[in-house]
Each structure stands twice: as C-alpha cells, then as structure tokens.
Amino acid sequence: MNMYHLNRTAFKIELLVGELNAKRNCSLSDLNTVLRRSQSFESLRRVSVGLALIMTQEQHEFTESLEVALSWMQAIQEKLKANDNTQGPRDALEARLRETEKIHQSQHEGRVKMDMALVAAENLLQSGDEELRNHTHTKLKDLKSLWEETCTYIIHCHSRIEWVWLHWSEYLKAYEEFELWLTRQQRSLDVGVELQLGLKEKLWHVDQQRVVVSDIHSQGALLERLLDEAAALHNRTQDPSVEPQAQETLQEAYNDIRDRAEV
C-alpha cells in the first residue's frame with residue numbers, strides 16, 4: 001500500500017470516529033447502520049498503526065543515512081586540517097600531497113553517502129506532517145551546505161599543496177641546471193691560453209671569451225629569478241634548504257666566474 005492510500009485510510013478513520021460521536025443520541029436503527037459501516041474499523045486501525053510504523057522506520061532510515069554522511073564529512077575535514085600545511089621539508093610536503101590526493105579521490109564515496117540521505121528523505125518530504133517536513137527540509141539544507149563546504153575544502157587544500165610541490169620541483173630542476181652551467185664555466189676558465197699560440201689563434205680565443213662573458217651576463221638574470229623563487233618557497237615552507245643564507249654559495253660561485261671572465 002503506498003503513502004497516498006495509507007493517508008486516505010487514516011482520513012476515513014477520523015471520519016468514522018466523528019460520525020460515531022455524532023450518533024450518541026440517535027435511534028437504535030441509526031446506531032446499527034453506523035456499526036455495520038464500522039465493521040472494518042479494526043482493520044482500518046491496524047492500517048493506521050502500520051502507517052505510523054512506516055513513518056517511524058523511514059525517519060530512522062533518514063536519520064541513520066544522515067549521520068553516516070555527516071560522519072564522513074567530519075572525518076574528511078579533520079584529515080584536511082591535519083594536512084593543510086605547506087611548511088617543512090620537501091618529503092613532508094610530499095607525504096601531505098599523497099594524503100590529499102587520497103582524500104580527493106574519495107570524494108565519490110562521499111557523494112554516494114550524500115545521495116543515500118537525499119533518497120531516504122524523499123517520503124518524509126511528502127508527509128502530511130508539516131512539522132516533519134520542515135524538520136527534514138532543515139536537516140537536508142544543513143547537509144547540502146556542509147557538503148559544499150567539504151568539497152571546496154578538498155579542492156583548495158589539495159591544490160595549494162600541489163602548487164607548492166610543483167613550484168619546488170621546478171625550482172630544483174632549474175637550480176641543478178644552473179649548477180651544471182657553473183661547473184662547465186669553471187672548467188672552461190681553468191684552461192688558460194697557451195703562450196705559444198699564434199696571433200690568429202689568440203684572436204679566436206678573444207672572440208670566444210666575449211661569447212663566454214655574454215653568456216655569463218645572461219645567466220645573471222636566471223640566477224636572480226632563482227633567488228626570488230627560493231625566497232618565495234622559503235616564505236611558504238620555512239625550509240632551511242631555500243633560506244636566503246643557503247643561496248649565498250650559489251651567488252658567490254657566480255660572482256667568481258663573472259669576475260674571472262671579465263679580467
């Protein structure tokens with residue numbers, strides 16, 4: 001029996017009880033008529049009780065599914081708070097990145113729990129009990145609001161950590177390339193011009209030296225960007241490996257090569 005027929009049955013019970021009350025002072029014949037019409041009263045009463053039980057069960061199912069969805073969101077938000085931090089060494093940042101990736105991938109699981117609560121609320125929202133409808137609607141409104149908040153937190157937290165991780169990776173790649181360039185330049189400058197070379201060879205060497213100096217000057221701009229990137233990373237991570245003092249060695253090595261090439 002669906003909700004429509006159950007509600008109509010309950011309504012019939014109310015009409016029957018009202019009619020019996022109205023017949024208190026009527027004739028015996030009238031009372032017999034009412035009694036004949038009330039032969040199904042007991043069955044109707046059982047249906048009414050069944051209706052109440054169904055509503056209680058549906059309320060229980062909704063409450064249970066609601067608590068499951070809310071518990072999942074609360075657990076996810078606690079995990080996000082524990083990992084929502086970009087400070088520390090690179091391996092710690094990598095661990096947080098893996099954790100937020102898992103959380104991001106589990107979002108489908110939360111969506112399923114959310115949908116189960118929405119489905120469980122459908123019949124309650126169609127109930128004739130206005131107070132129950134309003135209560136259910138309020139709970140759903142709070143649930144949807146928390147879901148949106150949780151989804152936004154998942155995306156922002158993961159994106160923030162991922163951005164710092166990628167930023168750091170690109171910085172390290174550029175840093176290593178700059179160090180290799182420094183090594184090549186140092187080796188090149190360590191090779192002196194042989195005194196026995198002729199004029200033509202010496203002029204060629206001078207031209208090559210001009211090319212080297214020009215290259216060194218152009219690398220100065222790259223070094224400046226590297227130092228700026230290190231400062232930005234240090235501001236976000238507070239990691240000693242990218243603090244200003246750690247970059248002094250790189251700057252000193254570059255200055256040495258530039259000064260030697262310009263002599």
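Colleague: Please explain helix H8 (residues 248-262) as it appears in this structure.
Modeller: What sets the pattern is the α-helix's 3.6 residues per turn: residues three or four places apart point alike. With 15 residues, H8 should cover 21 Å at 1.5 Å per step; its first-to-last C-alpha distance of 21 Å lies within 8% of that length. Listed in full, the buried residues belonging to H8 are Leu250, Tyr254, Ile257 and Ala261. For H8, the angular spread of buried residues about the axis comes to 65 degrees, placing them on one side. More than 90 degrees from the buried face of H8, the exposed residues found are Thr249 and Glu252.

Colleague: Is there a simple way to think about helix H5 (residues 107-125) in this case?
Modeller: An ideal rise of 1.5 Å per residue puts 27 Å on 19 residues; H5 measures up with 27 Å between its terminal C-alpha atoms. Among all positions of H5, only Gln107, Gly110, Met114, Ala117, Ala120, Ala121 and Leu124 are buried. One face of H5 carries all of its buried residues, which in axial projection span an arc of 150 degrees. Exposed side chains of H5 directed beyond 90 degrees from the buried face belong to His108, Met116 and Val119.

Colleague: Is there a simple way to explain the side chain of Asp239 in this structure?
Modeller: Tracing the backbone through its elements, the reader meets Asp239 in the loop between helix H7 (199-237) and H8. In this structure, Asp239 is buried with no salt-bridge partner, the nearest side chain bearing the opposite charge being Arg90 at 8.6 Å. In this structure Asp239 touches Gly88, Pro89, Trp168 and His234, once residues within four positions along its chain are discounted.

What counts and what doesn't
Residues numbered from 1 in each chain as written. Predicted model: local features only at pLDDT ≥ 70, side-chain atom pairs only at ≥ 80, totals over all residues. Heavy atoms only, no water. Helix = DSSP H or I, 4+ residues; strand = E, 2+ residues; numbered from the N terminus. Expected span 1.5 Å × (residues − 1). Buried < 20%, exposed > 50% of the residue type's maximum accessible area, 1.4 Å probe, protein only. Arc of directions from axis to C-beta. Lys, Arg positive; Asp, Glu negative; His and termini not counted. Salt bridge = Lys/Arg side-chain N within 4 Å of Asp/Glu carboxyl O. Contact = heavy atoms within 4.5 Å.

Function-wise, these values are silent; they only describe arrangement.
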